[in-house]
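Residues per chain are reported as follows:
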Amino acid sequence: MVAISASDENMRTAELVEIQNAVNMLPVFAEYDTDRIPRITQLVFELFEQEDGLDALFGLIREALPNKLNETAYALACDVAAADGHLYETELRLLEEMRYELNIDRLHAAAIERGARARHMTE
């Protein structure tokens, strides 16, 4: 979620609120220490500055994330990307990379993306 928000180097308020709401409300984060969020955010920015930082980021994600939660992680990233009502090119590219790295089926990804779009539509 943090990586999607930071991907365009501008973490918007709507995206930060979406992250905070997810961490506060979803059962998958029941045991998560919210004090880690600033450290994770700093780590993501540091990795984005490195030449192979994206590969390192996905390595860390694969290491920490059980495979059964790959679609959940992708859905949360889609919600953050859609939170401000606009999908930026950098967000779209990172979502594409996430689909590949997390081995998300294209049909499943399309359904997840459509759900995020529907939840965040304003008109």
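Scroll up to find the structure this text is about.
Residues numbered from 1 in each chain as written. Predicted model: local features only at pLDDT ≥ 70, side-chain atom pairs only at ≥ 80, totals over all residues. Heavy atoms only, no water.

Caption draft 1: Expanded view of the pattern of salt bridges. For the structure shown, the criterion picks out six salt bridges. Arg 62 is the partner of Glu 101 in a salt bridge, and the nearest nitrogen-oxygen pair spans 2.5 Å. In this pair, Glu 101 sits in helix H6 (residues 89–101) while Arg 62 sits in helix H4 (residues 53–64), placing the two residues 39 residues apart along the sequence. On the basis of relative accessibility, which here comes to 19%, the residue Glu 101 falls in the buried class. Across the pair Arg 119 and Asp 79 runs a salt bridge whose closest N-O atoms are separated by 2.8 Å. Of the two residues, Arg 119 is situated in helix H7 (residues 106–120) and Asp 79 in helix H5 (residues 70–82); the sequence distance between them amounts to 40 residues. One continuous salt-bridge network, built from bridges that share partners, spans Asp 8, Arg 12 and Asp 84. (Salt bridge = Lys/Arg side-chain N within 4 Å of Asp/Glu carboxyl O. Helix = DSSP H or I, 4+ residues; strand = E, 2+ residues; numbered from the N terminus. Buried < 20%, exposed > 50% of the residue type's maximum accessible area, 1.4 Å probe, protein only.)

Caption draft 2: Focus on the packing of aromatic side chains. Enumeration according to the criterion identifies one aromatic pair in this entry. Arranged with centres 5.7 Å apart and planes meeting at 80°, the rings of Phe 29 and Tyr 32 form a pair that is edge-to-face. Take Tyr 32: its relative accessible area is 26%, and that puts it in the partly exposed class. (Phe/Tyr/Trp six-rings, centres within 6.5 Å; stacked < 30°, edge-to-face > 60°.)

Caption draft 3: Spotlight on helix H2 (residues 13–25). The end-to-end C-alpha distance of H2 is 18 Å, a good match for the 18 Å that 13 residues give at a rise of 1.5 Å each. Among the residues of H2, those classed as buried are Glu 15, Glu 18, Ile 19, Ala 22 and Val 23. Along the axis of H2, the buried residues cluster in a sector spanning 125°; they form a single face. Exposed side of H2, more than 90 degrees from the buried face: Thr 13 and Met 25 are the residues found there. At its buried positions, H2 is contacted by helix H1 (2–6), helix H3 (37–49), H5, H6 and H7. (Expected span 1.5 Å × (residues − 1). Arc of directions from axis to C-beta. Contact = heavy atoms within 4.5 Å.)

Caption draft 4: Molecular detail of unusual backbone geometry. At Glu 9, a residue that is not glycine, the phi angle is positive and equals roughly 65°. In this fold, Glu 9 is placed in the loop between H1 and H2. With a relative accessible area of 72%, Glu 9 lands in the exposed category. Positive phi values are uncommon outside glycine, yet Asn 103 reaches one of about 55°. Structurally, Asn 103 is set in the loop between H6 and H7.

Caption draft 5: A look at the nonpolar core. By size, the foremost hydrophobic cluster in this structure holds 31 residues, and its most contacted members are Ile 4, Tyr 74, Leu 95 and Met 98. Listed by contribution, the elements that provide at least two residues to this core are H1, H2, H3, H4, H5, H6 and H7. Ranked by residues supplied to this core, first place goes to H5 with eight residues. Beyond its immediate chain neighbours, meaning those up to four positions away, Tyr 74 contacts Leu 95, Met 98, Arg 99, Ile 104, Ala 109, Ile 112 and Glu 113. (Core = buried A, V, L, I, M, F, W, Y, C linked by side-chain atoms within 4.5 Å.)

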